[in-house]
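Read off the chains here:
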Amino acid sequence: MNKLIASTGMKLAYTYLNSNPERNVPKLMDWIDRIAINNAMEGQRKAIRKIIGDKDNNWYKLILSMWTDVDPGVRKAFFNNFVLNENFIGVPIQKKYQEKYGCNIPWAILMDPTSACNLKCTGCWAAEYGNKMSMSYETLDSIIQQGKNLGVYFFIYSGGEPLVRKTDIIRLCEKHSDCQFLAFTNGTLIDETFANEMLCVRNFIPAISIEGFEDATDSRRGKGAYQAAIRAMDILKRKNLVFGASLCYTRYNTEVIGSEEFFDFLIDKGVKFAWFFTYMPVGADAVPDLLVTAEQREFMYR
Ligand code: SF4
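None of the values given here were measured: they were computed from a predicted structure.

Cut-offs applied
Residues numbered from 1 in each chain as written. Predicted model: local features only at pLDDT ≥ 70, side-chain atom pairs only at ≥ 80, totals over all residues. Heavy atoms only, no water. Bend = angle between axes of the 7 residues up to and from the residue. Helix = DSSP H or I, 4+ residues; strand = E, 2+ residues; numbered from the N terminus. Polar contact = N/O pair within 3.5 Å; in protein donor to acceptor, adjacent residues only side chain to side chain. Phe/Tyr/Trp six-rings, centres within 6.5 Å; stacked < 30°, edge-to-face > 60°. Buried < 20%, exposed > 50% of the residue type's maximum accessible area, 1.4 Å probe, protein only. Pairing = 2+ DSSP bridges. Right-handed = clockwise from strand over helix to strand, strands pointing away.

*Asks:* Whenever I open this one, helix α5 (residues 72-101) confuses me. Can you help?
*Replies:* Each α-helix turn comprises 3.6 residues. Residues three or four places apart therefore point the same way. Along α5, the sharpest kink reaches roughly 50°, centred on Gly-90 and followed within four residues by the proline Pro-92. With a side-chain oxygen lying 3.0 Å from the backbone nitrogen of Gly-73, the N-terminal cap of α5 falls on Asp-71.

Encoded structure:
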């Protein structure tokens, strides 16, 4: 019952917020604080409250950009699936099962639909697994269903290149329309057709891999990889879709990846978030030379 009231309240809150986000964000936070089940997401709610008190804050600008830059259906799906289902409804369920079974229940589930990839980046372990290791649609579907039973509504695809399986990925988005999906992708398989499918399902967000500017990206990922990533970003931005960047920093690109210039460039391209990974040598084809130095690690943490 509590869950139903909270869910209905949150949906009403979203409608209210949608009518005038700038004016209603602070009022909405009061409301969310009141309906949060078991004081869910207390730390996050405090952080949001601090952000919305400062209109020059970058996070505040990012939140408002969800209304200026993003398709209304995609924004609503993100709110329902990620904010409401995963965090407000899912987290208390996860905690309940954590106590019941005495083991960790993940906040998100990461899975590799395939080891296949259409690129061969220097130092990537994916090629070692060949291109024949893939999970069936039924297996992926079953994992998602099992996750939902435990309160997990956020699923992340890695690989290999997940969009080698884009038909199945869209089918899964359709079937589990109450979940939020994200994929780390090289972006080469994102075209107009796929972006239109994303607009239809509304619950899929890509994080496009890029290693800095053109020379750095192409020298590790192969000639044309940078332009392919930029082309994908341009399509997604034009269609008002949410997307992010996946940034792997190595000995040779850390200073660029961590620079203001590169951040501004990504924001200008329409990137809404970025995941940072440090290069870890894995497998026989690993390139230890790509490992960052201690100073570079410190630079990135700062
Ligand atoms: S695109 Fe990703 S999975 Fe494919 S080779 Fe490059 S790093 Fe590996």
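*Asks:* Quick question: what am I supposed to make of the packing of aromatic side chains here?
*Replies:* Geometry of an aromatic ring pair is reported as the spacing of the ring centres plus the angle between the planes. Under the definition given, this model contains 15 aromatic pairs. Between Phe-78 and Phe-82, the aromatic rings sit 5.1 Å apart at their centres with planes inclined by 20°, giving stacked as the arrangement. Here Phe-78 pairs with Phe-82, and both are found in helix α5, just four residues apart, close to one helical turn. Residue class for Phe-78 comes out partly exposed when judged on its relative accessible area of 24%.

*Asks:* Would you mind going over the pairing of strand β3 (residues 180-185) with me for this structure?
*Replies:* Regular strands place side chains that alternate from one sheet face to the opposite one. Counting buried positions along β3 yields six of six residues, so the element is predominantly enclosed. Along β3, one buried face is formed by Gln-180, Leu-182 and Phe-184 and the opposite face, lined by Phe-181, Ala-183 and Thr-185, is buried too. The sheet contact formed by strand β2 (residues 154-157) and β3 spans four bridges and is parallel. Of the residues in β3, the one forming a bridge with Tyr-157 is Ala-183. In this fold, the crossover linking β2 to β3 by way of helix α7 (residues 166-175) has right-handed handedness.

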